[in-house]
Amino acid sequence: RLQLPRPGTRFNSPSMVLPPSIWFKVAGVSGASAVGFAAYGAHALKPQDPHFNKVFDNGSRFHLFHSSMIALAPLTARPHVIGGLFTMGTAIFSG
């Protein structure tokens, strides 16, 4: 259950606003999309250049790896930093 801070509380970090468990939900959505993209790449994608198939497979693996690491973010000392960095990594390396 999300608890809101008392009036007059200063916000020193984002962890006071969002609970660390939000990263479990982000990891679930990210992992489901990674599996969906992998299935699309394995069954529906028919590129002209075979090199593109290898690039798509590599991006799909990075996406799934990053999703797994996002799921572990709430277990760390700084879950929002770790979750945010791995989410950015997913967008940069898999996007």
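Residues numbered from 1 in each chain as written. Predicted model: local features only at pLDDT ≥ 70, side-chain atom pairs only at ≥ 80, totals over all residues. Heavy atoms only, no water.

Overview of helix H2 (residues 50–72)
For step 1, the next point in the chain: Taking 1.5 Å per residue, 23 residues should reach 33 Å; H2 reaches 34 Å between its end C-alpha atoms and fits that length.
For step 2, the next point in the chain: Within the sequence span of H2, burial applies to Gly59, Ser60, His63, His66, Ser67 and Ile70.
For step 3, the next point in the chain: For H2, the elements touching its buried residues are helix H1 (22–43) and helix H3 (79–94). (Helix = DSSP H or I, 4+ residues; strand = E, 2+ residues; numbered from the N terminus. Expected span 1.5 Å × (residues − 1). Buried < 20%, exposed > 50% of the residue type's maximum accessible area, 1.4 Å probe, protein only. Contact = heavy atoms within 4.5 Å.)

A few points about a nonpolar patch on the surface
For step 1, the next point in the chain: Taken together, the side chains of Phe62, Val81, Leu85, Met88, Ile92 and Phe93 define a hydrophobic patch exposed on the protein surface, amounting to about 610 Å² of accessible area.
For step 2, the next point in the chain: The leading source of residues in the nonpolar patch is H3, at 5 residues.
For step 3, the next point in the chain: Judged by relative accessible area, which is 47%, Met88 ranks as partly exposed. (Patch = residues over 30% accessible without salt bridge, like charges linked within 9 Å, V, L, I, M, F, W, Y side chains within 5 Å. Areas by Shrake-Rupley, 256 points an atom, 1.4 Å probe, with all protein chains shown as cover. Salt bridge = Lys/Arg side-chain N within 4 Å of Asp/Glu carboxyl O.)

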